[in-house]
Amino acid sequence: MQLRALTARNLRILTSVDLNVDADLVVFSGPNGSGKSSLLEAIHILGTGRSFRARSVQDVISRGEDHLLVRAEFSKPSGSTGALAIEKPRRGSARFRLDGEAVGSASELARQLPLVFISADSQRLLSDGAEMRRRQLDWLMFHVEPNYQQLFTRYRRALGQRNALLRVNGAGNRDEQAAWSQEMATAGEQLHALRLQRFLLAEPVLQAALQDLGSVDLEFVYKEGWDTERSLAEVLDSAWAVDSSRGYSGNGPHRADLQFLAKGRPAQQVVSRGDGKVL
């Protein structure tokens, strides 16, 4: 889809902005403090339900105003049009609308508006550990696998329940322990299968893109989060005592990583700063 119109009300210095967009590539230019980043922030709020510059959407409401509104019209691949809107009062819950109808969460809007925000902090994908890379992978999965969000929520719930049992030193009903381990294993295996399928499709695309950019030769490796020579159920069962001693589950898709290797070493240890930005 492509944005065709954007409306912003009471978002930082953007008290009232209406833009029509009739190009595939749009550049906002102007002096410092003129609202360029706020326009991008408005789009980001529509696509994610949150700001990239503030902890809460409430914090971006213009001073003296009691609510903000962001609305966009977009064209679909089919040629039809649609509309998204978020209204956030200074006090109370945000309201989300898709094609004029109320929806329950920002994720309903995010499905319509896939976006990638690139900033100076994006280089942290290389240096800040696996969690940020998993979030990027999950963002991809959310947009290409219709059932991924439901499966991800199911897995996180089972993981949370198992960890709660582990934090009381493994106490509790053994049947309860086995039930949550099995639920975590079932959802985890399905989650992993979807991730791996998409990674295998994405990897040659990533390689081709880097080759076109003339960057350093890299290897992309998906680490599953457990020894997949055994089923996740077997791993969780055999690891109960160890997990109980540390109070959390040490195996599963929540420990997965998307690694970038150069000459067999982590890319951030090998590539130049310029190549790191390209990557």
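Now for a description of the structure that goes with this document. Values in this document were obtained by computation on a predicted structure and should not be read as measured data. (Residues numbered from 1 in each chain as written. Predicted model: local features only at pLDDT ≥ 70, side-chain atom pairs only at ≥ 80, totals over all residues. Heavy atoms only, no water.)

1. As for unusual backbone geometry
Rule in force here: Only runs of H or I of at least four residues qualify as helices and only runs of E of at least two qualify as strands under DSSP, and these elements are numbered from the N terminus. Three exposure classes are used, based on accessible area relative to the maximum for each residue type with a 1.4 Å probe and protein chains only: buried under 20%, partly exposed in between, and exposed over 50%.
With a phi angle near 60 degrees, N10 is a residue other than glycine that sits in the positive phi range. Along the polypeptide, N10 turns up in strand β1 (residues 2–11). For N10, a relative accessible area of 9% corresponds to the buried category. One non-glycine residue, R12, adopts positive backbone phi at about 55 degrees. With respect to the element layout, R12 can be found in the loop between β1 and β2 (14–20).

2. Let's talk about the sheet that holds strand β6 (residues 101–103)
How we decide: Should DSSP find at least two bridges between two strands, the strands are taken to pair. Axis geometry follows a simple rule: fit a line to the C-alpha atoms, using only the stretch in contact for helices, then measure angles between N-to-C directions, giving values from 0 to 180 degrees. What makes two residues a contact is simply this: any of their non-hydrogen atoms within 4.5 Å.
Within the open sheet, the six strands sit side by side as β2-β1-β3-β4-β5-β6. Their pairing is antiparallel. Looking along the sheet, the strands with just one partner apiece sit at the ends: β2 and β6. Across the sheet, the mean angle separating the axes of adjacent strands is 20 degrees when strand polarity is ignored. Across three bridges, the pairing between strand β5 (residues 95–98) and β6 is antiparallel. The residue bridging F96 from the neighbouring strand is V103, located in β6. On the sheet, helix α1 (residues 36–48) packs against β1, β2, β3 (67–75) and β4 (81–89) and is oriented at approximately 105 degrees with respect to β1.

3. Re the sheet that holds strand β8 (residues 257–262)
Two modes of strand pairing occur in sheets, parallel and antiparallel, and in both the strands are linked by backbone hydrogen bonds. Taken in spatial order, the three strands make up an open sheet running β7-β8-β9, and their pairing is antiparallel. In this open sheet, the two edge strands, each paired with only one partner strand, are β7 (219–223) and β9 (265–266). Across two bridges, β8 lies against β9 in antiparallel orientation. Within β9, the residue paired with A262 across the bridge is R265. Across the face of the sheet, helix α6 (residues 174–213) comes into contact with β7 and β8 while running at roughly 170 degrees to β7.

4. A short note on the pairing of β4
For β4, the tally of buried residues reaches seven of nine residues, placing the bulk of the element in the interior. As paired elements, β3 and β4 share nine bridges and run antiparallel to each other. When the sheet's bridge partners are listed, E73 is paired in β4 with A83. Hairpin remark: β3 followed by β4, antiparallel, with five residues in the connecting loop; positive phi at G79, about 100 degrees. Linkage of β4 to β5, two consecutive antiparallel strands, is achieved through a turn of five residues, within which G92 is found at a positive phi near 110 degrees.

5. So, the packing of aromatic side chains
For any two aromatic rings, the description comes down to two numbers: the centre-to-centre distance and the angle of the planes. Definition in use: Aromatic pairing here means that ring centres of Phe, Tyr or Trp (its six-membered ring) are within 6.5 Å. Orientation follows from the plane angle: under 30 degrees is stacked, over 60 is edge-to-face, and everything else is tilted.
In total, this model carries four aromatic pairs according to the counting rule given. Between the aromatic rings of F52 and F117, the centroid separation amounts to 4.0 Å while the plane-to-plane angle is 20 degrees, which identifies the pairing as stacked. One end of the pair, F52, is in the loop between α1 and β3; the other, F117, is in the loop between α2 (106–110) and α3 (124–127), and 65 residues separate them in sequence. When the centroid spacing of 5.4 Å and the interplanar angle of 80 degrees are considered together, the rings of F220 and F260 count as edge-to-face. Of the two residues, F220 is situated in strand β7 and F260 in strand β8; the sequence distance between them amounts to 40 residues. Each member of the pair, F220 as well as F260, carries the same accessibility label: buried.

The values reported here are purely geometric and, on their own, carry no functional implication.
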